[in-house]
Protein chains: 4
Amino acid sequence: MYIHSHQIRVRYADTDQMGYVYYGNYARYYEEARSEAIRSLGLPYRELELAGIMLPITRMNIKYIGPATYDELITIRTTLTKMPDRFMHFSYEVYNEAGKLINEAETQLVFVDAQTRKMVHAPQYLVDQLAPHFAVK
Amino acid sequence: MYIHSHQIRVRYADTDQMGYVYYGNYARYYEEARSEAIRSLGLPYRELELAGIMLPITRMNIKYIGPATYDELITIRTTLTKMPDRFMHFSYEVYNEAGKLINEAETQLVFVDAQTRKMVHAPQYLVDQLAPHFAVK
Amino acid sequence: MYIHSHQIRVRYADTDQMGYVYYGNYARYYEEARSEAIRSLGLPYRELELAGIMLPITRMNIKYIGPATYDELITIRTTLTKMPDRFMHFSYEVYNEAGKLINEAETQLVFVDAQTRKMVHAPQYLVDQLAPHFAVK
Amino acid sequence: MYIHSHQIRVRYADTDQMGYVYYGNYARYYEEARSEAIRSLGLPYRELELAGIMLPITRMNIKYIGPATYDELITIRTTLTKMPDRFMHFSYEVYNEAGKLINEAETQLVFVDAQTRKMVHAPQYLVDQLAPHFAVK
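### Details of the overall build of chain A
Part 1 of the argument: When you go through chain A residue by residue, the secondary structure sums to three helices and seven strands.
Part 2 of the argument: Seen along its three principal axes, the alpha-carbon backbone of chain A occupies a region of about 45 × 40 × 20 Å.
Part 3 of the argument: Taking all 137 residues of chain A together, 35% fall into the buried category.
Part 4 of the argument: The contacts in chain A between residues at least 6 apart in sequence include a share of 68% that link residues at least 24 apart.

This is the structure:
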C-alpha cells in the first residue's frame, strides 16, 4: 500500500452558483492528487506516456459527503491500494480546511499501449519501483 | 420510469492529449442530459432553484467503456429510475456517433432547502408531475 | 463577410459562485460558435485536422459587458470578418435570453501544419469555399 | 507597481487533443496567479467577498506565443500595473519550464457591491495596503 497526501487550493473557476465546488471538478483534483502520488514514487506520468503507455480511466466512483468552498486549502489523501497488474487502483479521501472528510472516491485505470491502444500489463520498472511498498512484512 | 434522450457535440475543450474526452468532463454531459430530461417533464431545474430547492449530487458512479472523440455527436439516454423521495436517481447510457455504448453512469441527487441547506423531501408538484410515469399499469 | 448565429444553453458547470458564467468559460462558447459557423460552410474543423491542418488560437480579446446566468439560452453571432490568409479572424457578439449584448470578442487563429507545426497558408479548398462570401458585389 | 511570481503544474485536464493547454484554460491560470498575488499582499480575495465586494472581469486580452504542454511547471509573473481606483488592472507573463515566454495577457476587473451589483471604488484598506508599492520614490 502506498499513501500520499496533496493539498489543492479551490479556485473560483471550480465553484458553481451553489457556492460549492462543482461535482464534476473533483475528477481534476483526483488527477492532480494521483499524479503527485506517482511523482513522489519517482515515476512521473509524463515519462510513462513518453515510454508509450497511456492510463485511461475505466471506473470512477464518488461519494460526496460535504462541500468544498472557494479558496479552501483541501487535502487529498491518495492510496494506491494494491500492486498494479493490468489495472491500477487509487482511492481518495478529500478533507476540507477544517479537517472534515467531504468526499471519497475510487478510480480504476488501465494500462494501454499508446500505439495499438490495446491493454497491456504494468511496465516492469513500475512494478519494481512499487514492490517495496507492497512487500509482505 | 422516465427515459429521455439528448445529443451533445463533443468540443475541442472537452478533449485531452490522449485525443479523447477527458474522463472528468462527462459529469458536465450528465448534467446537461438530466437538465434536459427534467425540462422535458415541464420542470426546469432553474425553477426548482427559484422555489428554494437545490439538488446537489451525493453519488456518482461511472463505467468508462470506450472513448468519445472530437466533434462526435454523442447520444445520452437518461433514465429517472424511480420516484423521487428525498433523493433523485438518474442513470445514463452514452453512445458514440456509431451507436456504440461508450459509457454508463449513475448519479444520486438530494433535495436540499436553499436557505437551511438541510435535506427535504421532493416538492409535491414534482411528485405529481412524475406520478403518471411511475403509475402501476 | 460571413455571419452565423448559434445558441447555447448555460450549464451549471459554467457558473461560478457569483452566480454568473465564469469569465474563462466563454472561450469554450466561442469555440462552439465558430465550429458551427465553419460547419455551416460545409467545412467541419474535424476535416481540416484530418487533412493535417491545425488552427491554434494566437489572440483573443474579450470585452465583458454583462453576465450570463444559469439556464439562459444565449445567442452567439459569429462573423468571419475577412478572407483567411495565414490567419483566420472571427468576431463574436453574445446576447442573453432577453436579447441584450453581454459580451464581445475577437479571436485570431493561425493555420499550422500538424506534422511540422509550422505556419502555412489557408488550404485552397477553404479559400474557394469562402470566396463567394467575400466577393466584391 | 507590484509584481508576483507563481508556478502552476499543467494537468491532463488542461490539455486538448493538439497536445497543448487549451486556449480557454489560461483564464483559470491567470485567476490563480492574481489570487496568489493578492494573497501575498495580505488581502485574500475571499475576504474582499466577505466584505461585500465582488471583482468581476470586464476585459481580457491574450496573446498566445507558444504552447504549454502536459506536466510542465509554468511560471506566471503577475503585475499590478497601477493603483486600483474603480478598476484593477493585472498583466501576466507566462513562461514555460524552459523559461521561454509563451503567453502574455491583461485583465481588467471592476469593483462591484455584492448587494447592489453596482460599481464602487476600491475599498480604502486595499488602497492603503497597496500605497507603499505605488509610492513615488
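Resuming the write-up.
### Section: the relation of the copies chain A and chain B
Part 1 of the argument: Rotating chain A by 180° about the axis while translating it 0.0 Å along that axis superimposes it on chain B, leaving an RMSD of 0.0 Å. The superposition operator between the copies reduces to a two-fold rotation axis. Closest approach to the rotation axis among the C-alpha atoms of chain A is made by N61 of chain A, whose C-alpha sits 2.1 Å away.

### Thoughts on the relation of the copies chain C and chain B
Part 1 of the argument: When chain C is fitted onto chain B, the two copies agree to an RMSD of 0.0 Å after a turn of 180° and an axial shift of 0.0 Å.
Part 2 of the argument: In this assembly, 100% of the residues forming the interface of chain C have copies in chain B that are likewise at the interface, indicating an isologous arrangement.

### Re the sheet that holds strand β4 (residues 73–80) of chain C
Part 1 of the argument: Reading across from one edge, β1(C)-β4(C)-β5(C)-β6(C)-β3(C)-β3(D)-β6(D)-β5(D)-β4(D)-β1(D) is the order of the 10 strands in this open sheet, with antiparallel pairing throughout. Of all the strands in the sheet, the pair left with one neighbour each is β1 (2–9) of chain C together with β1 (2–9) of chain D. Pairwise comparison of adjacent strand axes, ignoring direction, gives a mean angle of 15° for this sheet.
Part 2 of the argument: Strand direction decides the pairing type here: strand β3 (residues 57–64) of chain C and strand β6 (residues 101–110) of chain C, joined by seven bridges, are antiparallel. If you follow I62 of chain C over to β6 of chain C, its bridge partner there is A105 of chain C.
Part 3 of the argument: Here helix α1 (residues 26–40) of chain C sits on the sheet in contact with β1, β3, β4, β5 (87–95) and β6 of chain C, set at roughly 130° to β1 of chain C.

### Describing the interface of chain C and chain B
Part 1 of the argument: With 10 residues of chain C at the interface, the matching set in chain B holds 11 residues.
Part 2 of the argument: The element contributing the most residues to the side of chain C that touches chain B is α1 of chain C, with three residues.

### Overview of the confidence of the model for chain A
Part 1 of the argument: Looking at chain A, the pLDDT average stands at 94 and 99% of residues meet or exceed 70.
Part 2 of the argument: Taken over the whole predicted complex, pTM reads 0.96, whereas the ipTM for its chain interfaces reads 0.95.

### Notes on unusual backbone geometry
All names here are of chain B.
Part 1 of the argument: Unlike most non-glycine residues, D71 shows phi in positive territory, near 75°.
Part 2 of the argument: Within the secondary structure, D71 is located in the loop between β3 (57–64) and β4 (73–80).
Part 3 of the argument: We classify D71 as partly exposed; it has 18 C-beta atoms within 10 Å.

### Things to note about the nonpolar core
Part 1 of the argument: The biggest cluster of nonpolar side chains holds 136 residues, and the ones touching the most others in it are Y26 of chain A, Y26 of chain B, Y26 of chain C together with Y26 of chain D.
Part 2 of the argument: In this structure Y26 of chain D touches V21, I62, N103 and A105 of chain D, once residues within four positions along its chain are discounted.

### Quick word on the sheet that holds β3 of chain B
Part 1 of the argument: If you walk across this open sheet you meet the 10 strands as β1(A)-β4(A)-β5(A)-β6(A)-β3(A)-β3(B)-β6(B)-β5(B)-β4(B)-β1(B), and the pairing is antiparallel. Of all the strands in the sheet, just β1 (2–9) of chain A together with β1 (2–9) of chain B have a single pairing partner and so form its edges. The sheet shows a mean angle of 15° between the axes of neighbouring strands, direction not considered.
Part 2 of the argument: Bridging between strand β5 (residues 87–95) of chain A and strand β6 (residues 101–110) of chain A involves nine bridges; their strand directions are antiparallel. Its bridge partner lying in β6 of chain A, M88 of chain A is registered against L109 of chain A.

### Focus: the pairing of β3 of chain B
Part 1 of the argument: Pairing between strand β3 (residues 57–64) of chain A and β3 of chain B: five bridges, direction antiparallel. Each residue of the ladder has a partner; that of I62 of chain A, found in β3 of chain B, is M60 of chain B.

### Notes on the interface of chain A and chain B
Part 1 of the argument: The partner chain B presents 15 residues to the 15 residues of chain A that form the contact.
Part 2 of the argument: Those elements that place two or more of their residues in the side of chain A that touches chain B are α1 (26–40) and β3 of chain A.
Part 3 of the argument: Here the side of chain A that touches chain B takes eight residues from β3 of chain A, the largest share from any one element.

### Regarding the environment of L43 of chain A
Residue and element names in this part refer to chain A.
Part 1 of the argument: Considering the arrangement of structural elements, one finds L43 in the loop between α1 and α2 (45–50).
Part 2 of the argument: L43 sits 86 residues away from Q129 along the chain, and the two C-alpha atoms are 8.4 Å apart.
Part 3 of the argument: Not counting chain neighbours up to four residues away, the residues in contact with L43 comprise I38, L48, L126 and Q129.

### Focus: the environment of E36 of chain A
Residues and elements named next belong to chain A.
Part 1 of the argument: Its location among the elements puts E36 in helix α1.
Part 2 of the argument: Between the C-alpha atoms of E36 and S5, which are 31 residues apart in sequence, the distance is 8.6 Å.
Part 3 of the argument: Apart from residues lying up to four places away in sequence, E36 is in contact with H4 and H6.

### Focus on α1 of chain C
Residues and elements named next belong to chain C.
Part 1 of the argument: In a regular helix each residue adds 1.5 Å, so 15 residues correspond to 21 Å; α1 covers 21 Å between its end C-alpha atoms and thus fits that length.
Part 2 of the argument: Counting buried residues along α1, 11 of its 15 residues qualify, which places the element largely inside the surrounding structure.
Part 3 of the argument: Along α1, the residues that are buried comprise Y26, A27, R28, Y29, Y30, E31, A33, R34, S35, A37 and I38.
Part 4 of the argument: Positioned one or two residues after α1, G42 has a phi angle of 85°, which is positive.

### Considering the environment of G99 of chain B
Residues and elements named next belong to chain B.
Part 1 of the argument: By the element assignment, G99 lies in the loop between β5 (87–95) and β6 (101–110).
Part 2 of the argument: Classification of G99 by C-beta neighbours within 10 Å gives exposed; the count is 7.
Part 3 of the argument: Spatially, the C-alpha atom of G99 lies 17 Å from that of Y29, the residues being 70 residues apart in sequence.

Thresholds, definitions, all that
- Residues numbered from 1 in each chain as written.
- Chains lettered and ligands numbered in written order.
- Predicted model: local features only at pLDDT ≥ 70, side-chain atom pairs only at ≥ 80, totals over all residues.
- Helix = DSSP H or I, 4+ residues; strand = E, 2+ residues; numbered from the N terminus.
- Buried ≥ 20, exposed ≤ 12 C-beta atoms within 10 Å, placed from the backbone.
- Contact = placed C-beta atoms within 7 Å.
- Least-squares fit on C-alpha atoms with pLDDT ≥ 70 in both.
- Pairing = 2+ DSSP bridges.
- Axes fitted to C-alpha atoms, helices over the stretch in contact; angles between N-to-C directions.
- pLDDT = per-residue confidence, 0-100.
- Core = buried A, V, L, I, M, F, W, Y, C linked by C-beta atoms within 7 Å.
- Expected span 1.5 Å × (residues − 1).

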